[in-house]
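One letter stands for each residue in the lines below.
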Amino acid sequence: MSNTLPDLPYAYDGLEPYISKQIMELHHKKHHQTYVNALNAAEASYAKAASPKERIALQAALKFNGGGHINHSLFWKNLAPSGEKGGKGGVLSEGPLKEAIVASFGSLDNLKKEFNAATLGIQGSGWGWLGLNPSTKRLEIATTANQDPLLTLVPLIGVDIWEHAFYLQYLNVKADYLNAIWSVINFDEAQIRLVEGSKL
Amino acid sequence: MLSIARSSLRPSLARSLVNARLAASIHTLPDLPYAYNALEPYICEEIMTLHHKKHHQTYVTGLNAAEESYAKAASTEEKIGLQAAIKFNGGGHINHSLFWKNLAPAAQEGGKLESGALKTAIERDFGSVEEFKKTFNTKTAGIQGSGWGWLGYNSATKKLEIVTTANQDPLITHTPIIGVDIWEHAFYIQYKNVKPDYLNAIWNVINFKEAEKRFTEVAK
């Protein structure tokens, strides 16, 4: 039962000009692959662990690499080529997701503003998330540190704010990356997750 | 006339002294002790320029703003609310200030560990200089996120130890002897995802003279 690197749903240059081909190749083939390899190694060690102490010692590796695999797998799917390239990236159609966004944030623009502010505020590496609160059924913005997976909400949209996600193209200007990425966010996928998550 | 001048000066002088005490201390970006291209080919000019002029400057600006807010904070709750900003930006300023000084061009003292108190202590606590570098690199590469690798002096055990800190947390359990930034902005443009290459390269520009100074200061 080995974890494997999922294929990207588009070509490496598919998210240009918002996310460069160079970044997508390194991010997918190197960074995500490394999490997959290390997760498999950690799970193999865990299966052989003979005591609670050994298992606890492996928790950090499982969380980091498992989280890295989960987060990046969600990420590739909630990105899509932009409209200019014939994709659905950046387009929020009428439907339950749009309704939920308006109900929780007033407008898509306001969601973007609050999401970007929260994500910019992460002090280190991490992820910005739009999630569904399964109890209140409202949408919320959350952040997770490092590769911690989002567990408190149903993940709808994740944005990687580790420097490897943007540095080669945007250098230190995180705000430009966060403004650009909205053009390649796959709102259709986010809506699928919302509909699924609402059933829980 | 002098006494009139003095007494008319005194109230405004007193006022400015009070204001100075209330005002946040103004932190400034320290100059690099070398040119932006001086650590080449181990750390490229583009990285040094961004790292110093953008990243470190941002921590300085953020720290000044946080301290200014702190000086005006009216309640304990407000002060606690500002702790994260002070720790992150203050740590960023502390860490990077130490970092620039414990780097030096390879053409000068960079990379050279001469016989002396520091070398002796490293050999005593790690077996050899090579073993020390290997362990340092492994531990630093193992940080799960952003952070720093440190050679630190433990005053309680009187030993040199390798420790890591997360994000911009400053090293406070040990006296910092050598710090290495492992945030991706410190190496990504040049080394991409290959952290070990960066960590192997940086030893060529570590300023062991500065490290020894820090060590002899604390280990006396």
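Rules and cut-offs
- Residues numbered from 1 in each chain as written.
- Chains lettered and ligands numbered in written order.
- Predicted model: local features only at pLDDT ≥ 70, side-chain atom pairs only at ≥ 80, totals over all residues.
- Heavy atoms only, no water.
- Contact = heavy atoms within 4.5 Å.
- Buried area = accessible area lost by both parts, 1.4 Å probe.
- Salt bridge = Lys/Arg side-chain N within 4 Å of Asp/Glu carboxyl O.
- Phe/Tyr/Trp six-rings, centres within 6.5 Å; stacked < 30°, edge-to-face > 60°.
- Buried < 20%, exposed > 50% of the residue type's maximum accessible area, 1.4 Å probe, protein only.
- UniProt positions renumbered as here; feature names shortened; annotations may be inferred.
- Helix = DSSP H or I, 4+ residues; strand = E, 2+ residues; numbered from the N terminus.
- Polar contact = N/O pair within 3.5 Å; in protein donor to acceptor, adjacent residues only side chain to side chain.
- pLDDT = per-residue confidence, 0-100.
- Core = buried A, V, L, I, M, F, W, Y, C linked by side-chain atoms within 4.5 Å.
- Axes fitted to C-alpha atoms, helices over the stretch in contact; angles between N-to-C directions.
- Parallel < 35°, antiparallel > 145°, perpendicular 65-115°, else oblique.
- Nonpolar A, V, L, I, M, F, W, Y, C, P; charged D, E, K, R; others polar.
- Expected span 1.5 Å × (residues − 1).
- Arc of directions from axis to C-beta.
- Pairing = 2+ DSSP bridges.

Observations concerning the interface of chain B and chain A
- Chain B puts 18 residues into the contact, and the matching count from chain A is 18 residues.
- Taken together, the two surfaces of chain B and chain A that pack against each other cover about 1700 Å², and 56% of this comes from carbon and sulfur.
- Three residues, Gln144, Glu184 and Tyr188 of chain B, lead the burial of chain B against chain A; their summed loss comes to 35% of the area buried on that side.
- Our count for the chain B to chain A interface comes out at zero salt bridges.

A closer look at the packing of aromatic side chains
Residues and elements named next belong to chain B.
- The final tally for this structure, using the stated rule, is 24 aromatic pairs over all chains.
- Note on tryptophan 203 and phenylalanine 208: the rings are 6.2 Å apart at their centroids and 15° apart in plane angle, and the pair reads as stacked.
- Looking at tryptophan 203, the relative accessible area reads 5%, which means it is buried.

Observations concerning the UniProt feature "binding site: Mn(2+)" (unreviewed entry) in chain B
All names here are of chain B.
- Per the UniProt annotation, the sites labelled "binding site: Mn(2+)" (unreviewed entry) are His51, His96, Asp181 and His185. Considering the C-alpha atoms alone, the annotated residues occupy 135 residues of sequence yet fold into one spot, their largest mutual distance being 12.4 Å.
- Mapped onto the elements of the fold, histidine 96 is located in helix 4 (residues 83-101).
- Excluding residues within four positions of it along the chain, histidine 96 makes contact with His51, His56, Tyr59, Trp148, Gln168, Asp181 and His185.
- In this fold, aspartate 181 is placed in strand 3 (residues 175-181).
- By relative accessible area, aspartate 181 is classed as buried at 0%.
- Apart from the residues lying within four places of it in its own chain, the contact partners of aspartate 181 are His51, His96, Phe99, Gly147, Trp148, Ala186 and Tyr198.
- A polar contact of 3.1 Å, which involves the side chain of aspartate 181, links it to the side chain of histidine 96.

Topic: the confidence of the model for chain B
Residue and element names in this part refer to chain B.
- Looking at chain B, pLDDT values average 92 and 89% of them are 70 or higher.
- This stretch, residues 1-7, has a pLDDT under 50; its non-local contacts, to residues over four places away or in other chains, come to zero contacts.
- Across the interface, the model reports ipTM at 0.94; the global pTM reads 0.92.

Quick word on the nonpolar core
- Counting 101 residues, the largest nonpolar core has Leu79, Leu139, Tyr177 and Ile181 of chain A together with Leu103, Leu160 and Tyr198 of chain B as the members making the most contacts within it.
- With sequence-adjacent residues up to four places away left out, tyrosine 177 of chain A is seen in contact with Phe75, Val159, Asp160, Ile161, Ala165, Phe166 and Tyr170 of chain A.

Some details on the packing of helix 3 (residues 96-105) of chain A against helix 7 (residues 187-198) of chain A
Residues and elements named next belong to chain A.
- Taken N-terminus to C-terminus, the directions of helix 3 and helix 7 make an angle of 85°; their axes are 9 Å apart at the nearest point. By the angle class used here, helix 3 and helix 7 are roughly perpendicular. Residues Pro96, Leu97, Lys98 and Ala100 of helix 3 form the contact with helix 7, whose participating residues are Phe187, Ala190, Gln191, Leu194 and Val195.
- For the contact of helix 3 with helix 7, a count of residues per class yields seven nonpolar, one polar and one charged.

Re the pattern of salt bridges
- Inspection of the entire model under this criterion finds 12 salt bridges over all chains.
- The salt bridge involving aspartate 148 of chain A is made with lysine 63 of chain A; its shortest N-O contact spans 3.8 Å. Of this pair, aspartate 148 of chain A sits in the loop between strand 2 (139-145) and strand 3 (154-160) while lysine 63 of chain A sits in helix 2 (residues 52-77), and the two are 85 residues apart along the sequence.
- Since its relative accessible area comes to 46%, lysine 63 of chain A is described here as partly exposed.
- The partner of arginine 124 of chain B in a salt bridge is aspartate 125 of chain B, with the nearest N and O atoms 2.8 Å apart.
- Judged by relative accessible area, which is 51%, arginine 124 of chain B ranks as exposed.
- Each of Arg124, Asp125 and Lys159 of chain B takes part in one network of salt bridges that share partners.

Here we look at helix 4 (residues 108-120) of chain A
- Compared with the 18 Å implied by 1.5 Å per residue over 13 residues, the 18 Å span of helix 4 of chain A between its first and last C-alpha is a close match.
- Those residues of helix 4 of chain A hidden inside the fold are in contact with helix 3, strand 1 (126-132), strand 2, strand 3 and helix 6 (174-181) of chain A.

Quick word on the UniProt feature "domain: Manganese/iron superoxide dismutase N-terminal" (unreviewed entry) in chain B
- UniProt marks residues 27-104 of chain B with the feature "domain: Manganese/iron superoxide dismutase N-terminal" (unreviewed entry), using the numbering shown here.
- What you have in residues 27-104 of chain B is 68% helix and 0% strand, and the ends, taken at the C-alpha atoms, are 23 Å apart.

As for helix 8 (residues 195-202) of chain B
- Listing the buried residues of helix 8 of chain B in full gives Tyr198, Leu199, Ala201 and Ile202 of chain B. Relative to the axis of helix 8 of chain B, the buried residues are bounded by an arc of 165° and lie together on one face.

Some points on the environment of tyrosine 36 of chain B
Residue and element names in this part refer to chain B.
- Residue placement: tyrosine 36 occurs in the loop between helix 1 (2-22) and helix 2 (45-72).
- For tyrosine 36, a relative accessible area of 23% puts it in the partly exposed group.
- Expressed as a C-alpha distance, the spacing of tyrosine 36 and lysine 209, which sit 173 residues apart in the sequence, is 20 Å.
- Apart from residues lying up to four places away in sequence, tyrosine 36 is in contact with Cys44, Glu45, Met48, Thr49, His52 and Lys53.
- One polar contact links tyrosine 36 to histidine 52, side chain to side chain, over a distance of 2.8 Å.

Some remarks on the pairing of strand 3 of chain B
Residue and element names in this part refer to chain B.
- Within strand 3, six of the seven residues are buried, which leaves the element mostly enclosed by the surrounding structure.
- In terms of strand pairing, strand 1 (residues 147-154) meets strand 3 through six bridges, oriented antiparallel. The residue bridging glycine 152 from the neighbouring strand is proline 176, located in strand 3.

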